[in-house]
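Here are the chains, one letter per residue:
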Amino acid sequence: MTSQLVPPVEQGQRRPTPLPPRGTKRRSLRHGDRYWAYLLILPTAVGLTVFSIWPAIQTFYFSFTKWGTFGGHEWTGLDNYAQVFHDPELLRSLWNTVIFSVMTLLGIPLSIGLAALLNTKGLRGVGVYRALYFLPVVTMPAAIALVWKLIYNGDTGILNQFLAVFGVDGPHWLSDPATAIYAVGVVSIWSSLGYNMVLFLAGMQSIPGEFYEAASIDGAGPWRQFFRITMPLLTPTTFFVTVITVINALQAFDLVYLMVGKASPAIEESQTVVYLFYAKGILQGDGGYAAAIAFVLLALILLITAFQFRVQKRWVHYE
Amino acid sequence: MNRAHSKTKRTAFVVAAGLAAVTALAACSSSSGNGGGGGDSGPVTISYGVWDDTQGKVMQQIADKFHESNPNITVKVQITPWDQYWTKLKTAATGGAAPDVFWMNESNFATYASGGVLANLSDKLKGSDIDMSNYIDIQTKAYTFDGKVYGIPKDIDSIGLWYNKALFKAAGVAEPTADWTWADMVAAAKKLTDPSKGQYGIVAQSAPQQSYYSTIPQTGGQVISDDKKSSGYDTPEAIKGVQVWVDLVNKDKVSPSLQQMTDTDADTWFTSGKAAMIFEGSWAAAEFKEIPYAAQNANVAPMPKLDQPGGVSNGLGNVMSAKSAHPDAAWKFLQYLGSKEAETAQADAGIVIPAYKGTADGWVKAFPEFNLQVFVDALKNSSQYPSSMNSAAWQDPIELEFNKAWSGDETAAQAAANSAKIMNDALAAEK
Amino acid sequence: MSDRVPATSAVGPKRSHTAIHVVLIVGSVLMVLPFFWEVSTSLKTYAESISVPPTIFPSSPVWKNYTDVFATLPFGAQFLNTVIMTVARTVGQVFFCAAAGYAFARLEFPGRNAIFIAFLSVLMVPSQLFLLSQFQLMQRFGLLNTVTALALPGIFSAFGTFLLRQFFLQLPAELDAAARLDGCNPFQVWWKVMLPLAKNGMLALGILTAIWSWNDLLWPLVVNNDPEKMTLSAGLSTLQGQFLTNYPVLMAGSFLASIPMIVLFVMFQKNMLEGIASSGIKG
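Residues numbered from 1 in each chain as written. Chains lettered and ligands numbered in written order. Predicted model: local features only at pLDDT ≥ 70, side-chain atom pairs only at ≥ 80, totals over all residues.

Undergrad: What's the story with the overall build of chain B in this structure? I'm lost.
TA: For chain B, the count of helices and strands is 20 helices and 14 strands. By principal-axis analysis of the C-alpha atoms, chain B measures approximately 75 × 65 × 45 Å. By the burial criterion, 50% of the 431 residues in chain B qualify as buried. Summarising the internal contacts of chain B: among those between residues at least 6 apart in sequence, 73% fall at separations of at least 24. (Helix = DSSP H or I, 4+ residues; strand = E, 2+ residues; numbered from the N terminus. Buried ≥ 20, exposed ≤ 12 C-beta atoms within 10 Å, placed from the backbone. Contact = placed C-beta atoms within 7 Å.)

Here it is, written out as structure tokens:
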């Protein structure tokens, strides 16, 4: 899943020292340049038009149609959108998606903590730790899901057998409607921990050391330094990670598809919006309704992201 | 050293990229290669779409046999796993590119026949080698839509009570017999359940054919009316047919729960010796035989009787695409698939009970370790698998609904009433 | 970022570091445990894999599970499909995005801002919005169940263009000017002067694209349902839930499928982590 967010502008470490002489630049702007520019842009422009921009427009049209069993579609106006608001399955999937998103957000404090530990001065083995925590990020979700299914198995899984040692009778994590979405959420946290940690670590390392030195002189201990210096100065990174995490969580599909699946008694209580989109559009051939669901998702993402940008002024400190 | 290393990497990269381009081109040309031709005079290649891996190999043998007597026609068997088969077929049918000949099941048949995807065989049948009365009657009926034949019956199945001889022996319980009643089975299941060992008497899976589709006919109920216009789920008979299963799970607790059967599938409970009995199909014989523990310990008995004998059979049909580019070759192959020779070959290979009357012996003999005659005998009391024009609209939602009875969230009566409503709404929308 | 210079060591860091190491090691164990369980299970017999209580290590390793992977799945074909898709997407994206990114960063032409905003808008939209239509496009071109369909839409990236544009913006401006005075046209400047300088950015994008492609699930699942034309990710997902899930073989397949990207990660760890830190892309 690529993040849908505009990346932050890079810190200008290697800014060119002398500004380019204006005159040279003007002269270099020969008229033929534009054709070269168009040529360089052409492949990506054509590709994005064919595979993204046009499909988005077409999908918008689809959202007003009903699909026939074997091709063809008829215009049904706003029917699909009317259905959206009365469909208990979709409303439930929206709720599931919200639960899932909130859960994955819980991984953020965890990764900040890890990053802070790794940021300890003079700590040995940072590279090794970082690589180990990052391992799940590069591992195929299909493989991750399968091994966790094995671990979560209510009767033979190692997790319940471990809990049994302490006299706890664990549930059927992935088949119990009460636990499935949380069990999937834990795996999602597990697999993105290292990724967030790397971002936070980079953020912490860009905090100038003088701040800490000054604080040490004032007698501030490590905890006080963390809450008074690290956390406030890290807020731009925290904001950025929060936004990406939410956007990715709202589009969650892989783990629910792989770990719960359509035959599970827990699917209704754990299917996300994108899973429902897939079930309707691809498995059931109800492309019109699926298109409407996709636009509901778009609206949701835009709304939540806009909200986050609006609230950021209250807690994000830019230097 | 570092530099040299990165240079090798780059070279490898370029080679890989070049390779990718070449392979991509090869992939393009091969996919468009067999599209040409058209006329059936020269050698042609037709495709045969199936979903079962084990059967696929036998289908290829049958196709090769066909090729021997029809050297101009080569048949390529395309195997697509069950989960993808219908999505793929639907997409292909939408684009007019379904395989020339392919497998059909009863649930989907009417949808494809009414959608114009399948070739109408009625006219072709006149003066052909095929006589539809050679096939088991419910199968002939199953592949007839609106009075016209769209499919040649391929096989048929039935359900039996598989049991674990070793577990019965260990518990000192007599093995199931042909005159077992449902109460006998419940009593045995109770004796065979041993929570300390994590062992259950029976695994009561919620798959329709292996549960309520089998018991509802035995209580005198119906899943769908004969005219396929209304649901029979809200009758006391049908509710009873569901109740007996739910009781095994929730009242008598002689079966793993629905959640347990989701985490570990029902067949695994049985074949790993953790459940002593299971309602499972004739098709399971070939699969159980491959698992050493099951091959050694499993056997099968007739389903225990509830109120009257009954059950449903599902069977596949071979159909041809209405838009096949080689209709003559496809029809020739279809006739061969329906011939006594080809149907018998399926039985002898031990994969299925053929739909061709009187050819089941080979199948029964293919697995001497199991008492498979049980399944052939069960066919006498079997009725047609419940289906309608758009079965997909109600089958899946109803399975989810009955799951709620299995999990104890709803009573059998509530789930049955909800299912009747789902089904009646869907049936009303078909017209 | 990995080579930070440690400040003059404070007094007695050794003692406090022990506690930190303990926490980090416990965490590492939790991260690695599922991988260990994957490998351990992949070497068990089927019966042992579902035994209660479980065995931590296989009683005697069953290497046959690894050869069985090839009998259960068309693993070889799926592996090749995944490699081709990944290479095509990676090479295509790096090359095309470098071209477009350079044009947006260093050349002036009418409509530059409008086109750039159009690119950016693609970045903001969830990819599911494109899926149904992309699928129909493939269907119309008769490309369903081909390797081409797997790779094609992923070759073009608004994100990659944006990432590399940022990279080109940082390069000293006098470089182009000098090259132009030498008589190079913009294409030559890009090709001969700029691309070598943007190597790190391209490498980061390339690795991220490779990992993202290799692990991608939804699109491969939708366009190709013929097992011979599937990717490993989709192929593995079709195995579960089938009759008698054979966990050891499944784990062997999962492990084999994950290895290439883990190797890539270990090889290019530094570039990759830097790329992530500066861009926030998710693998």
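Undergrad: What am I meant to see in the overall build of chain C here?
TA: Scanning chain C from terminus to terminus reveals 15 helices and zero strands. In terms of C-alpha radius of gyration, chain C reaches 24 Å, well past the compact-globule figure of 19 Å for 283 residues. Going through the 283 residues of chain C one by one, you find that 52% of them count as buried. Across chain C, the fraction of contacts at a sequence separation of at least 24, relative to all contacts at a separation of at least 6, is 78%. (Rg over C-alpha atoms; globule rule 2.2 N^0.38 Å.)

Undergrad: How should the interface of chain A and chain C be read in this particular structure?
TA: The figure often quoted for interface size is the accessible area lost as the parts come together. Taken together, the 93 residues of chain A in the interface contact 101 residues of chain C. No other element matches the 20 residues that helix H2 (residues 33–62) of chain A contributes to the side of chain A that touches chain C. When the residues that make up the side of chain A that touches chain C are grouped by side-chain class, the tally is 62 nonpolar, 24 polar and seven charged. (Nonpolar A, V, L, I, M, F, W, Y, C, P; charged D, E, K, R; others polar.)

Undergrad: Before we go on, may I ask you to explain the domain arrangement of chain B in this structure?
TA: Residue and element names in this part refer to chain B. Segmenting chain B into domains produces domain 1 (44–156 + 315–366) and domain 2 (159–313 + 388–430). Between the C-alpha centres of domain 1 and domain 2 the distance comes to 29 Å. It is helix H4 (residues 106–114) that contributes the most residues to the side of domain 1 that touches domain 2, five residues altogether. Classifying every residue of the side of domain 1 that touches domain 2 by side-chain character gives six nonpolar, seven polar and no charged. (Domains from an automatic or database assignment.)

Undergrad: Any chance you could explain the sheet that holds strand S2 (residues 73–79) of chain B here in plain terms?
TA: All names here are of chain B. Ordered in space as S2-S1-S3-S12-S6, the five strands form an open sheet in which the pairing is mixed. One side of each edge strand has no neighbouring strand; the edge strands of this open sheet are S2 and strand S6 (152–153). Sheet topology places strand S1 (residues 44–50) next to strand S3 (residues 101–104); two bridges connect them, and they run parallel. By the bridge assignment for S3, Tyr 48 is matched with Val 101. The strands touched by helix H2 (residues 53–69) within the sheet are S1 and S2, with S2 carrying the most contacts at an inclination of about 175°. (Pairing = 2+ DSSP bridges. Axes fitted to C-alpha atoms, helices over the stretch in contact; angles between N-to-C directions.)

Undergrad: Help me out: how do you make sense of the interface of chain B and chain A in this one?
TA: In this assembly, 15 residues from chain B lie in contact with 16 residues from chain A. For the side of chain B that touches chain A, the elements supplying multiple residues, two or more each, are helix H3 (82–94) and helix H11 (258–263) of chain B. Ranked by residue count, the leading element in the side of chain B that touches chain A is H11 of chain B, at five residues.

Undergrad: When you look at the environment of Ala 266 of chain A in this model, what are you seeing that I'm missing?
TA: Residue and element names in this part refer to chain A. You can see Ala 266 is positioned in the loop between helix H12 (254–259) and helix H13 (273–283). Placed 153 residues apart in sequence, Ala 266 and Gly 113 show a C-alpha to C-alpha distance of 33 Å. Once residues within four sequence positions are removed from consideration, Ala 266 is found in contact with Leu 174, Ser 175, Asp 176, Pro 177, Ala 180 and Val 260.

Undergrad: Explanation requested: the nonpolar core in the structure shown.
TA: Of all hydrophobic cores here, the largest spans 166 residues; its most connected members are Val 198 and Ile 293 of chain A. Considering every element that reaches this core, the biggest residue donor is helix H4 (residues 75–106) of chain C, with 16 residues. Non-local contacts of Ile 293 of chain A, meaning those with residues more than four positions away in its chain, are made with Val 84, Leu 90, Val 273, Leu 276, Phe 277 and Lys 280 of chain A. (Core = buried A, V, L, I, M, F, W, Y, C linked by C-beta atoms within 7 Å.)

Undergrad: Where do I start with the pairing of strand S9 (residues 277–281) of chain B in this structure?
TA: Each regular strand carries side chains that alternate between the two faces of the sheet. Residues and elements named next belong to chain B. Counting buried positions over the five residues of S9 gives four, a clear majority of the element. As paired elements, strand S8 (residues 159–164) and S9 share five bridges and run antiparallel to each other. Looking across to S9, one finds that Trp 162 is bridged to Ile 278.

Undergrad: Help me understand the sheet that holds S9 of chain B, please; the structure alone is not making it clear to me.
TA: One key point about sheets: their strands pair by backbone hydrogen bonds, in either a parallel or an antiparallel sense. All names here are of chain B. Pairing is antiparallel across the open sheet formed by three strands, whose spatial order is S9-S8-S10. Taken across any chain shown, the strands that pair with only one partner, and hence form the sheet edges, are S9 and strand S10 (298–301). On average, each strand axis in the sheet is tilted by 40° relative to the strand beside it, whichever way the strands run.

Undergrad: Got a minute to help me understand unusual backbone geometry in this structure?
TA: The bulk of non-glycine residues show a negative phi, and the bulk of peptide bonds are trans. The omega torsion of the bond from Val 52 of chain C to Pro 53 of chain C falls at -10°, within 30 degrees of zero and hence cis. Checked against the element boundaries, Pro 53 of chain C lands in the loop between helix H2 (46–49) and helix H3 (64–72). The phi dihedral of Asp 146 of chain B is positive, around 55°, even though this residue is not glycine. Tracing the chain through its elements places Asp 146 of chain B in the loop between strand S4 (144–145) and strand S5 (148–149).

Undergrad: Help me understand the domain arrangement of chain C in this model?
TA: All names here are of chain C. In terms of domains, chain C is made up of domain 1 (14–62) and domain 2 (68–279). Look at where the C-alpha atoms of domain 1 and domain 2 centre, and you get two points 33 Å apart. Residue-level contacts link nine residues of domain 1 with seven residues of domain 2. Contributing elements (two or more residues each) for the side of domain 1 that touches domain 2: helix H1 (13–42) and H2. For the side of domain 1 that touches domain 2, the element with the most residues is H1, which contributes four residues. Split by residue class, the side of domain 1 that touches domain 2 holds three nonpolar, four polar and two charged.

Undergrad: Could you clarify how one ought to interpret the environment of Phe 295 of chain A in this entry?
TA: Residues and elements named next belong to chain A. Within the secondary structure layout, Phe 295 lies in helix H14 (residues 287–315). Once the C-alpha coordinates of Phe 295 and Ser 264 are considered, the two residues, 31 residues apart in sequence, prove to be 27 Å apart. Sequence-distant contacts of Phe 295, that is, excluding residues within four places in its chain, are made with Phe 60 and Ser 63.

Undergrad: I tried to follow the UniProt feature "transmembrane region" (unreviewed entry) in chain C on my own but got confused; where do I start?
TA: All names here are of chain C. Taken from the UniProt record, the annotation "transmembrane region" (unreviewed entry) applies to residues 20–37, 79–102, 114–135, 141–164, 202–222 and 247–268. The span residues 20–37 is 100% helix and 0% strand, and its two end C-alpha atoms sit 26 Å from each other. Counted over residues 202–222, helix gives 90% and strand 0%. Its end C-alpha atoms are 29 Å apart. (UniProt positions renumbered as here; feature names shortened; annotations may be inferred.)

Undergrad: Any chance you could explain helix H11 (residues 199–215) of chain C here in plain terms?
TA: Note that an α-helix has 3.6 residues per turn; residues three or four places apart therefore point the same way. The first and last C-alpha atoms of H11 of chain C sit 24 Å apart over 17 residues, in line with the 24 Å expected at 1.5 Å per residue. Burial of H11 of chain C is extensive: 14 of the 17 residues sit out of reach of the surface. (Expected span 1.5 Å × (residues − 1).)

Undergrad: Looking at this structure, how should I read H2 of chain B?
TA: Residues and elements named next belong to chain B. For H2, with 17 residues, the first-to-last C-alpha span of 25 Å sits near the 24 Å given by 1.5 Å per residue. Listed in full, the buried residues belonging to H2 are Gln 55, Met 59, Ile 62, Ala 63 and Phe 66. Seen end-on, H2 carries its buried residues on one side only, within an arc spanning 100°. Among the exposed residues of H2, those pointing more than 90 degrees away from its buried face are Asp 64 and Glu 68. The elements touched by buried residues of H2 are S1, S2, helix H15 (327–337) and helix H16 (340–348). (Arc of directions from axis to C-beta.)

Undergrad: Whenever I open this one, the pairing of S2 of chain B confuses me. Can you help?
TA: Residue and element names in this part refer to chain B. Residues of S2 alternate between two faces, with Ile 73, Val 75, Val 77 and Ile 79 buried on one and Thr 74, Lys 76 and Gln 78 left unburied on the opposite face. The pairing of S1 with S2 spans seven bridges and is parallel. In the sheet register, Ser 47 faces S2, and the bridge partner there is Lys 76. In this view, the connection linking S1 to its parallel neighbour S2 by way of H2 has right-handed handedness. (Right-handed = clockwise from strand over helix to strand, strands pointing away.)

Undergrad: Teacher, can you tell me more about the packing of H4 of chain C against helix H8 (residues 158–170) of chain C here?
TA: Packed helix pairs are characterised by how far apart their axes lie and by the angle those axes make with each other. Residue and element names in this part refer to chain C. With their axes 7 Å apart at the nearest point, H4 and H8 run at an angle of 50° to one another. Taken together, the axes of H4 and H8 lie oblique to each other. For H4 against H8, the interelement crossing comes out right-handed. On the side of H4, the interface is formed by Gln 93, Cys 97, Ala 98, Ala 100, Gly 101, Tyr 102, Phe 104, Ala 105 and Arg 106, while H8 contributes Gly 160, Thr 161, Leu 164, Arg 165, Phe 167, Phe 168 and Leu 169. Here the residues of the contact of H4 with H8 are counted per class, giving 10 nonpolar, four polar and two charged. (Parallel < 35°, antiparallel > 145°, perpendicular 65-115°, else oblique. Left-handed = near helix turned anticlockwise from the far one by under 90°.)

Undergrad: Before we go on, may I ask you to explain the confidence of the model for chain C in this structure?
TA: Detailed conclusions should not be drawn from predicted coordinates in areas where pLDDT is low. Taken residue by residue, chain C gives an average pLDDT of 87. The fraction at 70 or more is 91%. In the predicted structure, residues 1–13 of chain C sits below a pLDDT of 50 and forms 15 contacts with residues beyond four places in sequence or in another chain. (pLDDT = per-residue confidence, 0-100.)

Undergrad: I'm lost on the confidence of the model for chain B in this one. Help?
TA: All names here are of chain B. Taken as a whole, chain B shows an average pLDDT of 89; of its residues, 90% reach a score of 70 or greater. Averaged pLDDT values over the elements of chain B bottom out at 36 in helix H1 (residues 2–33) and peak at 98 in S8. Scored below 50 in pLDDT, residues 1–40 shows 23 contacts in the model against residues more than four places distant or in partner chains.

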